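Architecture at a glance
As a plain string of letters, each chain reads:
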Amino acid sequence: MGALEEARFEGELENGVGLDEPEEELEAGSGSGSRPEATRAIEEAVRVLLQGLGEDPEREGLRKTPLRVAKAFREGTRGYRQKVKDIVQGALFPEAGLVNGTGHAGGAGGLVVVREINLFSYCESCLLPFSIQCHVGYVPSGQRVVGLSKLSRVADVFAKRLQNPQRLSDDICAALQDSINPAGVAIALQCWHILFPEVLRCNPNPKHLSKSDMQGWVQASVCSSSGVLEVKGNSFWNDFLALLKFRGINLEGCSKSCFPVQSWCPSRSLEVLLCNGHSTKSSNNGKVSSKPGPAHAAMVGAVTSILYSLGEDPMRKELVGTPYRYVQWLMNFRSSNLDFKMNGFNRGKLCLRKTGDVSQIHSVLNLPFCSQCEHHLLPFHGVVHIGYFDEEEGKVIERSIFQSMVHYHGCKLQVQERLTRQIAEAVHVVFHRGVMVVVEANHICMISRGIEKVGSSTATIAVMGQFSTDPAAKALFLQTISNSTASGG
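What comes next is a walk through the structure.

Cut-offs used in this document
Residues numbered from 1 in each chain as written. Predicted model: local features only at pLDDT ≥ 70, side-chain atom pairs only at ≥ 80, totals over all residues. Heavy atoms only, no water. Helix = DSSP H or I, 4+ residues; strand = E, 2+ residues; numbered from the N terminus. Buried < 20%, exposed > 50% of the residue type's maximum accessible area, 1.4 Å probe, protein only. Contact = heavy atoms within 4.5 Å. Areas by Shrake-Rupley, 256 points an atom, 1.4 Å probe, with all protein chains shown as cover. Phe/Tyr/Trp six-rings, centres within 6.5 Å; stacked < 30°, edge-to-face > 60°. Lys NZ or Arg CZ within 6 Å of the ring centre and 35° of its normal. Disulfide = S-S within 2.5 Å. Salt bridge = Lys/Arg side-chain N within 4 Å of Asp/Glu carboxyl O. Core = buried A, V, L, I, M, F, W, Y, C linked by side-chain atoms within 4.5 Å. Domains from an automatic or database assignment. Pairing = 2+ DSSP bridges. Axes fitted to C-alpha atoms, helices over the stretch in contact; angles between N-to-C directions.

What follows covers the overall build of the protein chain. Looking only at helices and strands, the protein chain has 15 helices and 17 strands in total. Buried positions account for 52% of the 489 residues belonging to the protein chain. Sequence separation of 24 or more characterises 74% of the internal contacts of the protein chain that already satisfy a separation of 6 or more. By element, 50% of the accessible surface of the protein chain is carried by carbon and sulfur atoms, the whole surface being about 21,000 Å².

Quick look at the packing of aromatic side chains now. Tallying each qualifying case throughout the model produces 11 aromatic pairs. Relative to Y122, the ring of F120 has its centre 5.9 Å away and its plane inclined at 75°; by these criteria the two rings are edge-to-face. Here F120 falls in the buried class, since its relative accessible area comes to 1%. Joined through ring pairs, the aromatic side chains of F73, F120, Y122 and Y326 make up one cluster. The side chain of K412 reaches across the aromatic face of Y408, ending 4.6 Å from its centre.

Attention now goes to the environment of C223. Assignment of secondary structure puts C223 in strand β7 (residues 217–227). For the pair formed by C223 and S169, sequence separation is 54 residues and the distance between their alpha carbons is 6.2 Å.

Right, let's talk about the state of the cysteines for a bit. Overall, the coordinates contain zero disulfides when judged by the stated rule. Here C134 stays unpaired: no disulfide links it, and the sulfur of C191, its closest cysteine neighbor, is 8.8 Å away. For C191, a relative accessible area of 0% translates into the label buried.

One pass over the structure, following the stated rule, counts 15 salt bridges. Here E374 ties to R59 by a salt bridge, and the two come within 2.9 Å at their closest N and O atoms. One end of the pair, E374, is in the loop between β12 (361–373) and β13 (378–389); the other, R59, is in the loop between α2 (37–52) and α3 (65–76), and 315 residues separate them in sequence. What makes E374 buried here is its relative accessible area of 2%.

Turning to the side chain of E124, a few remarks are in order. Within the secondary structure layout, E124 lies in the loop between β2 (112–123) and β3 (129–139). Take E124: its relative accessible area is 3%, and that puts it in the buried class. When sequence neighbours within four positions are dropped, the list of residues in contact with E124 reads L162, Q163, N164, R167, R316, E318, L319 and T322.

A few words now on the nonpolar core. With 79 residues, the main nonpolar core has F73, I132, C134, I187 and Y326 as its most contacted residues. The two domains that each donate at least three residues to this core are domain 1 (2–35 + 77–263) and domain 2 (336–488). Residues contacting C134, with those up to four places away along its chain left out, are V114, R115, E116, I117, L119, A155, I172, I187, A188 and L189.

The subject of this paragraph is the sheet that holds strand β16 (residues 434–443). Strands sit in the order β15-β12-β13-β16-β17 across an open sheet of five strands; the sheet is mixed. Since the sheet does not close on itself, it has two edges, and those belong to β15 (413–414) and β17 (458–465), each with one partner. Judged from the two bridges that link them, β12 and β15 form a sheet pairing that is parallel. Opposite Q372, over in β15, you have L413 as the bridge partner. Sitting on the sheet, helix α14 (residues 416–428) touches β12, β13, β15, β16 and β17, and the angle it makes with β17 is about 30°.

Further remarks concern the sheet that holds β7. Strand pairing in a sheet is mediated by backbone hydrogen bonds. Such pairs are either parallel or antiparallel. As summarised here, the arrangement of the five strands in space is β5-β2-β3-β6-β7, forming an open sheet in which the pairing is mixed. On the outer flanks of this sheet lie β5 (162–163) and β7, each paired with one strand and no other. When β2 meets β3, the two strands line up antiparallel, connected through nine bridges. Bridge pairing in β3 places I117 opposite C134.

Summarising burial for β13: 12 of the 12 residues are buried, a large majority. Where β12 lies against β13, 11 bridges are found, and the strand directions are antiparallel. Bridge pairing links I361 to F389 in β13. Hairpin connection, β12 to β13: the antiparallel pair is bridged by four residues, and L377 has positive phi, about 55°.

Laid out in structure tokens, this is it:
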């Protein structure tokens with residue numbers, strides 16, 4: 001399904017997703033019979049996924065998860081049901097150029113750039129949302145300009161589809177060129193994709209992670225251009241880059257050929273030779289598995305049905321393997337996979353390392369984690385900070401043990417408040433005198449649903465023992481975290 005095919009621009013979809021289906025119907029009624037067929041089909045698929053994870057879809061906390069997930073997927077792919085011409089039509093306004101006709105300005109060649117449009121899209125390789133900062137430039141022609149808000153709305157139409165960054169950039173560029181007929185268009189995207197838990201597990205030491213890695217993101221920058229902006233290095237293109245630099249955005253050297261699609265999604269670096277679960281090869285150990293179990297096969301089939309319900313073709317070459325990769329992502333959060341035994345987290349079975357500090361607050365900062373929100377089946381990720389009072393002769397626990405404990409509690413369906421409490425309780429088993437845990441996380445559900453709060457983060461605190469009665473100790477630990485953040489360590 002190419003970027004310029006009529007179906008992508010006009011939204012003429014098949015497989016049960018109609019153009020005349022109002023978005024508000026996603027919210028209509030609490031009974032399944034009052035919801036669109038596509039939404040109900042996704043709900044049923046999500047129940048299969050939950051069961052495949054060993055969860056009870058009827059337990060408190062998960063009962064409404066299928067509907068929440070269905071609404072998120074449908075809302076996050078609403079671009080398939082929108083038409084660019086409906087947005088741009090009636091939004092072109094007359095604007096004269098320079099009176100003497102010398103130079104470029106207004107509706108006759110004056111460059112217009114709208115910067116830092118925050119968007120999100122769903123990665124077509126793994127079905128996880130990724131965040132985008134979009135910059136749109138165009139050179140008007142015919143003495144007319146387009147309403148500025150329409151530029152961001154057109155960009156959002158194509159972001160709300162299953163995408164990869166380069167095709168998204170190409171789609172936006174082509175749509176604006178076709179719909180407003182300017183002298184040229186330039187699109188630059190800065191994109192961030194969440195890392196996979198395997199990456200964090202392979203790099204438990206923050207000294208081995210970049211700042212972007214610590215924040216849980218893989219970054220990529222792409223661009224597309226047309227018309228007079230298609231010639232890199234000419235005055236229009238240079239002006240476009242210069243106006244981005246005003247905002248601290250340096251895209252020098254960015255070109256369409258500089259972005260290898262295969263390197264974008266972290267799932268591509270972990271697995272190759274994918275065909276909906278029939279054959280996988282892990283880059284970690286080289287082993288090939290071609291016989292998934294019945295539950296795994298049912299989950300892959302459920303994801304395939306979700307693609308159909310969204311109006312996509314699961315056999316489109318970019319989507320072949322996507323159901324398997326999405327299931328592999330989910331399986332990271334099946335608690336039965338974890339081999340860290342919490343009943344071994346006690347003094348009798350741990351090697352306590354002696355330090356020169358006695359009865360002081362010890363801090364273990366920036367322990368990376370990735371978890372899965374049980375309300376929306378979307379990831380949240382960030383870092384955990386643990387502070388505790390030692391109790392005997394200045395002995396502490398190795399950082400790797402804390403990292404394993406964080407992974408144990410994080411790699412399951414969770415909510416951040418519960419995760420913070422569970423980590424504090426586990427540490428308190430060993431250090432009875434006092435424990436404080438701070439969790440900082442970015443929630444993908446905050447950017448990929450109706451609220452779309454890009455850049456927001458959530459912090460939670462749990463205190464036990466002396467930390468709950470000693471404000472000075474609490475303040476000291478919080479200051480330690482602040483100092484670490486300020487220093488980048």
